[in-house]
Amino acid sequence: MIKAVIRDRTGPLVLLGITGENFTRLLADEPILVNLAELRLPPLRIALIGGRDEHHIVQQLETHYGPLPFLCPRCHRASHHPDDKHYGYCAHCHDYTGAPS
């Protein structure tokens, strides 16, 4: 994996290049974990998951990391309640803002 950091006035930009074994892991739907401490950045976990489409990627993420929260497309708040995710409901906006799952 090729890793680099570009720092400018907007903050750090992490560049990742996937090659060799990591590319094979990505094709096998295995997560690739990146250690940003090696790049002297604050602790932050990043997982790269590949898939045919967004639905497949979400399935892979939930397989490896458990249920993902519902993120409201309007206010960007997260809800971990399974009904909110199922119906696309945002309790903060008091509206059905997302596509039902």
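Not measured: the values here are computed from a predicted model.

Participant: What is the right way to look at the overall build of the protein in this model?
Facilitator: Scanning the protein from terminus to terminus reveals three helices and eight strands. Reading the protein from its N end, one meets helices and strands in the order β-β-α-β-β-α-β-β-α-β-β. For the protein, the C-alpha radius of gyration of 17 Å lies well beyond 13 Å, the compact-globule estimate for 101 residues. Scored against the burial criterion, the 101 residues of the protein give a buried share of 21%. Accessible surface, the protein as shown: approximately 7500 Å² in total, 57% of it carbon and sulfur. Side chains of the protein carry 10 positive and 11 negative charges; the gap between the two charge centres is 9 Å.

Participant: Explanation requested: the layout of surface pockets in the structure shown.
Facilitator: One simple way to see leftover space: roll a probe sized like a water molecule over the atoms. Its volume calculated, the largest pocket comes out at about 490 Å³. Lining the largest pocket are 13 residues, and of these Glu-54, Val-58, Pro-69, Lys-85 and Ser-101 lie nearest its centre. Taken together, the elements giving at least two residues each to the lining of the largest pocket come down to helix H2 (54-65) and strand S5 (70-71). Among the elements that line the lining of the largest pocket, the one with the most residues is H2, at five residues. A per-class count over the lining of the largest pocket returns seven nonpolar, three polar and three charged.

Participant: Mind showing me how you'd approach the side chain of Ser-79 here?
Facilitator: Tracing the backbone shows Ser-79 in strand S6 (residues 78-79). Residue classification places Ser-79 among the buried positions, given a relative accessible area of 16%. Those residues in contact with Ser-79 that lie beyond four places of it in its chain are Pro-69, Phe-70 and Asp-84.

Participant: I keep staring at the environment of Leu-33 and nothing clicks. Help me out?
Facilitator: For Leu-33, the location among the structural elements is in strand S3 (residues 32-35). You can call Leu-33 exposed: its relative accessible area is 55%. Between the alpha carbons of Leu-33 and Gly-51 there is a distance of 16 Å; along the sequence they are 18 residues apart.

Participant: Please explain the state of the cysteines as it appears in this structure.
Facilitator: Throughout this description, disulfide means a covalent bond between two cysteine sulfur atoms. If you walk through the whole model with that rule in mind, you get zero disulfides. No disulfide involves Cys-93; its sulfur sits 3.8 Å from that of Cys-90, the nearest cysteine.

About the criteria used
Residues numbered from 1 in each chain as written. Predicted model: local features only at pLDDT ≥ 70, side-chain atom pairs only at ≥ 80, totals over all residues. Heavy atoms only, no water. Helix = DSSP H or I, 4+ residues; strand = E, 2+ residues; numbered from the N terminus. Rg over C-alpha atoms; globule rule 2.2 N^0.38 Å. Buried < 20%, exposed > 50% of the residue type's maximum accessible area, 1.4 Å probe, protein only. Areas by Shrake-Rupley, 256 points an atom, 1.4 Å probe, with all protein chains shown as cover. Lys, Arg positive; Asp, Glu negative; His and termini not counted. Charge placed at Lys NZ, Arg CZ, Asp CG, Glu CD. 1 Å grid on protein atoms, 1.4 Å probe; cavity = no way out; pocket = protein on both sides within 12 Å on 5 of 7 lines; lining within 4 Å. Points joined across faces, edges and corners; volume = space filled by probe spheres on them. Nonpolar A, V, L, I, M, F, W, Y, C, P; charged D, E, K, R; others polar. Contact = heavy atoms within 4.5 Å. Disulfide = S-S within 2.5 Å.

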